[in-house]
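Given next are the chains, with one letter for each unit.
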Amino acid sequence: MRPVTVLIAVCSVFVVTIPITTQQLTALSILIPFSNNTESNEYQCKGMSVPLNASYIVRFEPMINTSLVHHMLLYGCQLPYSHDDVWDCKAMFKLCSVGQPYILFGWGRNASGVQLPNGVGFKVRGDSHIDWLILQLHYADMPKDVNQLSGSANGLTVQLTYQPKPLLAGVYLLAAATYKPFPPSTNVINLDLACQHSGDTIVPFAYRVHAHSLGVKITGYVVKHGGEEWVEIGSGNPRNPQAFYPSTSNITVTSGDYLAARCVYSSIGISHVTNLGSDTNDEMCNFYFMYSTHNDPSAVSFDQCSSPAPVDLEFPEPYTCPDIVPPIDWQKKEGLLSFDHHWILNNVAGSAALPLLGVALGQVTAVQARSGHVYVLHRGVAEWNTKLANL
């Protein structure tokens with residue numbers, strides 16, 4: 001370990017030294033070239049074989065033009081569906097030809113990258129059943145200047161280490177598969193999911209939400225003691241950058257607990273019904289969370305739930321959407337997202353930093369590591385909320 005200085009800037013600078021473990025990293029970049037023949041709502045995939053020796057992914061760095069890409073997912077497979085350079089993959093069965101697809105990372109709406117906590121990594125090769133990485137891009141509605149973007153590329157870089165990790169990372173996805181059409185001009189529409197966990201003990205450490213233009217809030221929970229205790233994993237507005245953010249609570253999920261999610265929508269200003277589906281004009285209800293578990297060949301790296309919540313599972317007070325804002329045309333945001341500002345999920349960013357740094361942080365807006373220093377930008381005592389700006 002080596003000491004690293006942390007500079008926290010708001011109106012003055014605090015200097016704190018913390019130990020950070022160093023490790024030798026190998027970078028792999030997976031990029032899909034953009035062609036002006038690409039159509040709106042098209043799904044494209046590209047595969048890459050990972051190094052032969054067992055290794056661990058510890059960092060994801062998106063490289064995305066937000067005027068082109070609606071969202072991106074990275075999967076792990078034993079073998080890809082196709083060995084073509086790029087192939088159509090809107091259907092889930094077009095991801096892998098052998099074994100199930102494992103979700104490793106997701107991106108949407110100008111989100112940032114992720115660095116995993118110390119001691120945690122997504123295992124590839126070895127006994128992991130992941131020998132290939134599959135990048136999936138879902139393109140948005142094509143912009144007017146699409147011809148000027150031909151030849152550009154979108155995707156991400158993953159960083160791997162051969163240093164063994166004591167804990168394996170995994171992803172759990174709660175996602176609605178079917179639902180009745182959303183009615184127009186409705187202030188609050190709730191969609192609830194829940195499944196009982198029957199696997200190994202897992203510890204959530206990051207979460208991500210995903211919906212389309214009608215989504216206003218998605219919250220994930222661990223439900224213990226048959227519904228008597230509800231512990232929030234995380235909650236977010238899917239109209240914000242759809243990154244993985246540090247979990248709200250330090251909670252352990254054990255066999256018998258329920259994992260639940262509520263997606264809240266508003267169709268105010270919409271004059272037609274909206275269906276659940278994969279196109280940008282449809283709606284989705286996805287709550288992802290990354291978790292850590294023991295490093296063992298029997299450990300599960302991916303799990304999912306698509307079951308409607310049991311009627312006797314009473315969710316906390318329903319969200320009432322007091323200040324509905326119209327859908328944001330996020331596709332007008334231009335430019336290539338860099339990794340200069342990202343969440344570091346190792347107890348440096350967010351509320352988890354308070355006991356570590358010994359200083360009172362406000363809302364953390366950015367964290368950056370450079371030249372042996374970690375810079376934390378936060379808002380101090382001023383809280384950012386919807387009352388500070390007219391959207």
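Structure shown above.
Right, let's walk through the structure included here. (Residues numbered from 1 in each chain as written. Predicted model: local features only at pLDDT ≥ 70, side-chain atom pairs only at ≥ 80, totals over all residues. Heavy atoms only, no water.)

## Side note on unusual backbone geometry
What is expected of a backbone is that most residues other than glycine have negative phi and most peptide bonds are trans. One non-glycine residue, His 129, lies in the positive phi region at around 65 degrees. Mapped onto the elements of the fold, His 129 is located in the loop between strand 12 (120–124) and strand 13 (132–139). Since its relative accessible area comes to 45%, His 129 is described here as partly exposed. Backbone geometry at Ser 185 places phi at a positive 50 degrees, although glycine is not the residue there. One can find Ser 185 in the loop between strand 15 (167–175) and strand 16 (189–196). (Helix = DSSP H or I, 4+ residues; strand = E, 2+ residues; numbered from the N terminus. Buried < 20%, exposed > 50% of the residue type's maximum accessible area, 1.4 Å probe, protein only.)

## Focus on the environment of Gln 196
Inspection of the secondary structure assignment puts Gln 196 in strand 16. Separated by 61 residues in the primary sequence, Gln 196 and Asp 257 place their C-alpha atoms 5.7 Å from one another. Here Gly 256 takes part through its backbone oxygen, which lies 3.0 Å from a polar atom of the side chain of Gln 196. (Polar contact = N/O pair within 3.5 Å; in protein donor to acceptor, adjacent residues only side chain to side chain.)

## Some remarks on the environment of Ser 55
Relative to the helices and strands, Ser 55 is located in strand 5 (residues 55–63). Residue classification places Ser 55 among the buried residues on the basis of a relative accessible area of 1%. Taking the C-alpha atoms as reference points, Ser 55 and Lys 165, 110 residues apart in sequence, are found 9.1 Å from one another. For Ser 55, the residues in contact, after removing those within four places along its chain, are Phe 122, Lys 123, Val 124, Leu 160, Thr 161 and Tyr 162. (Contact = heavy atoms within 4.5 Å.)

## Some thoughts on the packing of aromatic side chains
All chains considered together, the criterion is met by 15 aromatic pairs. Centre to centre, the rings of Phe 60 and Phe 105 are 4.8 Å apart; their planes meet at 5 degrees, and the pair counts as stacked. Here Phe 60, found in strand 5, pairs with Phe 105, found in strand 10 (residues 102–108); they are 45 residues apart in sequence, far enough to count as distant. With respect to class, Phe 60 is no different from Phe 105; both count as buried. On the basis of an interplanar angle of 75 degrees and a centroid distance of 6.1 Å, the ring pair of Tyr 81 and Phe 93 is categorised as edge-to-face. Note that Tyr 81 is positioned in the loop between strand 7 (79–80) and strand 8 (87–88) and Phe 93 in the loop between strand 8 and strand 9 (96–98), a separation of twelve residues in sequence. Ring pairing ties together the aromatic residues Phe 60, Phe 105, Phe 122, Phe 244 and Tyr 288, which thus form one cluster. (Phe/Tyr/Trp six-rings, centres within 6.5 Å; stacked < 30°, edge-to-face > 60°.)

## Some thoughts on the nonpolar core
Residues Phe 60, Leu 74, Phe 105 and Met 290 are the most contacted members of the largest nonpolar core, which totals 54 residues. If we ignore the near neighbours within four places in the chain, the residues touching Leu 74 are Ile 30, Phe 60, Tyr 102, Ile 103, Leu 104, Phe 105, Leu 133, Ile 134, Leu 135, Leu 156 and Val 158. Formed by 30 residues, the second largest nonpolar core is a distinct cluster that contains Phe 182, Ile 251, Val 253 and Cys 263. (Core = buried A, V, L, I, M, F, W, Y, C linked by side-chain atoms within 4.5 Å.)

## Observations concerning the state of the cysteines
Enumeration over the complete set of coordinates arrives at four disulfides. For Cys 77, the disulfide goes to Cys 96, at an S-S distance of 1.6 Å. Negative torsions about the S-S bond denote left-handed disulfides, and the value of about -50 degrees found for Cys 77 with Cys 96 makes this one left-handed. In this pair, Cys 77 is assigned in strand 6 (residues 69–77) and Cys 96 in strand 9, connecting sequence segments 19 residues apart. On the basis of relative accessibility, which here comes to 11%, the residue Cys 96 falls in the buried class. If the cysteines joined by disulfides in the protein chain are listed in sequence order, their pairing comes out as 1-3, 2-4, 5-8, 6-7. (Disulfide = S-S within 2.5 Å.)

## Considerations on the sheet that holds strand 16
Here four strands make up an open sheet; going across it, the order is 16-21-18-19 and the pairing antiparallel. Strand pairing shows two members of the sheet lacking a second neighbour, strand 16 and strand 19 (229–236), which therefore form its edges. Between one strand axis and the next, the sheet turns through 20 degrees on average, direction left out of account. (Pairing = 2+ DSSP bridges. Axes fitted to C-alpha atoms, helices over the stretch in contact; angles between N-to-C directions.)

## Concerning the sheet that holds strand 6
Judged by pairing direction, the sheet is antiparallel, and its five strands sit side by side in the order 8-4-13-6-10 without closing on themselves. Edge positions in the sheet fall to strand 8 and strand 10, since each has one partner strand and no second. As paired elements, strand 6 and strand 10 share six bridges and run antiparallel to each other. Following the sheet pairing, Leu 74 is matched in strand 10 by Phe 105.

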